[in-house]
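Examining the three-dimensional arrangement
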Amino acid sequence: MKGTEFLWSQRHFPWRVMETLTAAAPAGSFFPSFLLLACGTLVAALLGCAHRLGLFYQLMHKVDKASIQHGGENVAAVLRAHGVRFLFTLVGGHISPILVACEKLGIRVVDTRHEVTAVFAADAVARLTGTVGVAAVTAGPGLTNTVTAVKNAQIAQSPVLLLGGAASTLLQNRGALQAIDQMALFRPLCKFCASVRRVRDIVPTLRAAMVAAQSGTPGPVFVELPVDVLYPYFIVQKEMVPAKPPKGLVARMVTWYLENHLANLFAGAWEPRPEGPLPLDIPQASPQQVQRCVEILSRAKRPLVVLGSQALLPPIPADRLRTAVETLGIPCFLGGMARGLLGRNHPLHIRQNRSAALKKADVVLLAGIVCDFRLSYGRVLSRSSKIIIVNRNRKEMLMNSDMFWKPQEAVQGDVGSFVVTLAEGLKGQTWASDWAEELRQADRQKEQTFREKALTPVGQHLNPVRVLQLVEEILPDNTILVVDGGDFVGTAAHLVQPRGPLRWLDPGAFGTLGVGAGFALGAKLCRPDAEVWCLFGDGAFGYSLIEFDTFVRHKIPVIALVGNDAGWTQISREQVPCLGSNVACGLAYTDYHKAAMGLGAQGLLLSREKDQVVEVLRDAQQQCRDGHPVVVNILIGRTDFRDGSIAV
């Protein structure tokens, strides 16, 4: 038997080893052979134990017991090497070394009043910069407070890195303070989850997390950092190893185990390691797929493009994508982060009556958008239309295609790159102008309906349509719009236009309330020269109000417009007719502007008694430009877009 065959048999089929030894041994030598096998098994077990305890690694890599370095410095070094400029957090003892180290390396640490805001802010940074947004929160409740924001980032496909503190490696599953199974909590929410068990593993684990967040379909990643891999050796030693010499055999064995565990934690901790970014894996459409799509579109008479958030992902810059869309010359609808791609009032941008347009189109390109509830699960698509769909995620790309629609071409790849290549293949192609004009005419009719609605008197307070029309008129070109709410925000989505690409932030398909303050925080830090306007419903504003303390402390000026109709009106409108009760839907006409003033911000009121809307909005602008966060409390009537009426 050859050596390798013997090892394979020894590992997987021990009874064959016994047969071999018995056959080879002379009579009466079974016991020595058995003893040899037992000794070999024992040696293998001891070697395995030594490896598990890190004894071999410690032979080759020293423990610097005099060093005052700590694992937080390794974390900060990786973040800096990846171009991270902001770390959002709510402080906790588990993660203090990370915060201190980041501050020393010039990474701005921004502390919020709720952990969910920190993750929303990181999400906004990711969307606006195309890099990874980073938040760090403490163990247990600190992490559970982030779950909604992490899930929102997952559905919105935002590359967010969440760093979470944890109990020390020896005390996990032993009832330590704030110790829960955090990995089980985040595995369903994140593309990548890892728990760091040794200081030397911090750098490679974070680099792997960073590349995972941005590769393929982007999304959130989670890295758990137990407290004993973050603090310096001398502090961990003091907490882990008894100060007095042990007495008795058992105590000595326990002390040896603790000392060895400590040594394994810090062995090789400060050896130089690569810290920079790893190559990303971004799927690309094949030339053959692109060519087939070129041929389909070249024969179209009434083509239509629907662009979603994925189109704005790197590596294609927004300006280059805009040029490609203009080169195509196909009328398009823009959703999610693609809103504003073509600026205001672009002739190719169709804003109203999307369902009707999709029914009439003979070729539809769904670029970075999926057939979920937003497209009625695909039912808005005509059976006679040829559908081209492009997405990085194959599962999402084919959602509901087994029931309500069928793609002519399903292309898994980066959306922006595909659109650019497609435009090159169709260069010089033109389509009949009457198709685009037909769609624009429908837009004009809808806009006339809104103009009429703006003139309709309301029973009390201000007409929200008129208010939002005036907001649209005075917004500067450098505005970033953040929207957080139901009824008021639904109205704003029809009336207020983003001024350019990457200037609109909404929660995305998860429909999460409470994103406003975090998104505004991240947006203003990324784009300090922009005016950040937050459009809140009064219900949604309850989540964000306390963060005006954050804006004041960190000197971050933003403008919040609160559409205050004293209720959860979007729910009430359906609940009352269906179920005959307004229970739990009523709020008060709260003085949100005064509450903001109590936190140190500026507060303004707009009501029927003080209806100089433009003057008040200009005042808010000026105060914001002077460096103050501002809340404008707008008392409004209730709108109903289903029949064009305005409710009292």
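Residues numbered from 1 in each chain as written. Predicted model: local features only at pLDDT ≥ 70, side-chain atom pairs only at ≥ 80, totals over all residues. Heavy atoms only, no water.

As annotated in an unreviewed UniProt entry, the protein is 2-hydroxyacyl-CoA lyase 2 from Panthera pardus. Under the UniProt heading Sequence similarities (unreviewed entry), the entry covering the protein gives this text: "Belongs to the TPP enzyme family." (UniProt positions renumbered as here; feature names shortened; annotations may be inferred.)

The interhelical angle for the contact between helix α19 (residues 433–454) and helix α20 (residues 464–474), taken along N-to-C directions, is 115 degrees, at an axis separation of 7 Å. Crossing angle aside, the handedness with which α19 passes α20 is left-handed. Residues Phe450, Arg451, Lys453 and Ala454 of α19 form the contact with α20, whose participating residues are Val465, Arg466 and Gln469. Looking at side-chain class alone, the contact of α19 with α20 contains three nonpolar, one polar and three charged residues. (Axes fitted to C-alpha atoms, helices over the stretch in contact; angles between N-to-C directions. Helix = DSSP H or I, 4+ residues; strand = E, 2+ residues; numbered from the N terminus. Left-handed = near helix turned anticlockwise from the far one by under 90°. Contact = heavy atoms within 4.5 Å. Nonpolar A, V, L, I, M, F, W, Y, C, P; charged D, E, K, R; others polar.)

The next thing to look at is the confidence of the model for the protein. Looking at the protein, the pLDDT average stands at 90 and 92% of residues meet or exceed 70. This stretch, residues 1–25, has a pLDDT under 50; its non-local contacts, to residues over four places away or in other chains, come to 15 contacts. (pLDDT = per-residue confidence, 0-100.)

Residues annotated in UniProt with the feature "domain: Thiamine pyrophosphate enzyme central" (unreviewed entry) correspond here to residues 290–420. The span residues 290–420 is 28% helix and 18% strand, and its two end C-alpha atoms sit 10 Å from each other.

So, on to unusual backbone geometry. Omega for the bond connecting proline 314 with proline 315 falls within 30 degrees of zero, at 20 degrees, which places this linkage in the cis form. Here proline 315 lies in the loop between β7 (303–307) and α15 (318–328). A positive phi angle, close to 60 degrees, is found at glutamine 157, a residue other than glycine. The topology assignment puts glutamine 157 in the loop between α9 (147–156) and β4 (160–166). Take glutamine 157: its relative accessible area is 9%, and that puts it in the buried class. Non-glycine residue glutamine 178 carries a positive phi angle of around 60 degrees. For glutamine 178, a relative accessible area of 30% corresponds to the partly exposed category. (Buried < 20%, exposed > 50% of the residue type's maximum accessible area, 1.4 Å probe, protein only.)

Counting buried residues along helix α18 (residues 415–425), eight of its 11 residues qualify, which places the element largely inside the surrounding structure. Buried within α18 we find Val415, Gly416, Ser417, Phe418, Val419, Val420, Leu422 and Ala423. Here the buried face of α18 lies against α14 (287–298), β7, α15, β9 (363–367), β10 (386–391) and β11 (409–412).

With that settled, the discussion passes to the sheet that holds β7. Strand order in the open sheet formed by five strands is β8-β7-β9-β10-β11, and the pairing between neighbours is parallel. Across the chains shown, the open sheet's two edge strands, defined by having one partner strand only, are β8 (332–334) and β11. With strand direction ignored, the average angle separating the axes of adjacent strands in the sheet is 10 degrees. Where β7 and β9 come together, five bridges link them in parallel fashion. Residue pairing for β9: valine 305 is matched across the bridge by leucine 365. Contacts between α14 and the sheet are confined to β7, β9, β10 and β11, with β11 contributing the most and set at about 140 degrees to the helix. (Pairing = 2+ DSSP bridges.)

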